Amino acid sequence: MRNFALLLMALVAGACFQDNLSPEAALKSFVESRIGTVVTRDFVLERVTGKMRQSLENISEEEFGKFADLRDVKKESFKILSSSCQLKTCFLTYSISYLTTKKEKAAFTSEVKKIAELVNEDGKWLIADVSNIKTYHDSLEPINPLE
């Protein structure tokens, strides 16, 4: 019974850290955990480093609130298109497609291609920087400029 309890604890602990074992898993976990929710500053700061961490530490609560609130976004797809990795640094090109809703109704579909720089710090892959390559938005409703 004791061995079973130890095995169960090891599996749970492993599941908690599994999302950062590879750069691809760390990036996918970060992106997917943000979609459809509101995240805290601490949640984000635990997963970023470098320029990205500095910029997120320095923005106001209001600006961070806009960044953190993705309740109106629903992920459609996430794909890693290419990777270029060294021992402690990895550049991942990825695309994410998502649907944005307004008042419970689909408003936009979007596809974004990005490059993420991930750095391995103490055995954990952290996001250091993200750059946009291309963004495509398709409005599903007529856009009202008066709103």
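Up top you'll find the structure we're talking about.
Residues numbered from 1 in each chain as written. Predicted model: local features only at pLDDT ≥ 70, side-chain atom pairs only at ≥ 80, totals over all residues. Heavy atoms only, no water.

Peer 1: How would you sum up helix α2 (residues 23-34)? Please name residues and give values.
Peer 2: Between its first and last C-alpha atoms α2 spans 17 Å; for 12 residues at 1.5 Å apiece the expected length is 16 Å, and the two agree. Buried within α2 we find Pro 23, Ala 26, Leu 27, Phe 30, Val 31 and Arg 34. Taken around the axis of α2, the buried residues stretch over an arc of 120°, which confines them to a single face. Considering only its buried residues, α2 is in contact with α3 (41-45), α5 (61-68), β1 (73-85), β2 (89-102), β3 (105-121) and β4 (124-139). At the C-terminal side of α2, Gly 36 shows a positive phi close to 80°. (Helix = DSSP H or I, 4+ residues; strand = E, 2+ residues; numbered from the N terminus. Expected span 1.5 Å × (residues − 1). Buried < 20%, exposed > 50% of the residue type's maximum accessible area, 1.4 Å probe, protein only. Arc of directions from axis to C-beta. Contact = heavy atoms within 4.5 Å.)

Peer 1: Tell me about the pairing of β1, and name the residues and values.
Peer 2: Here β1 runs beside β2; their pairing, made up of 11 bridges, is antiparallel. Following the sheet pairing, Lys 79 is matched in β2 by Ser 95. In sequence, β1 turns back onto β2 through a hairpin of three residues. (Pairing = 2+ DSSP bridges.)

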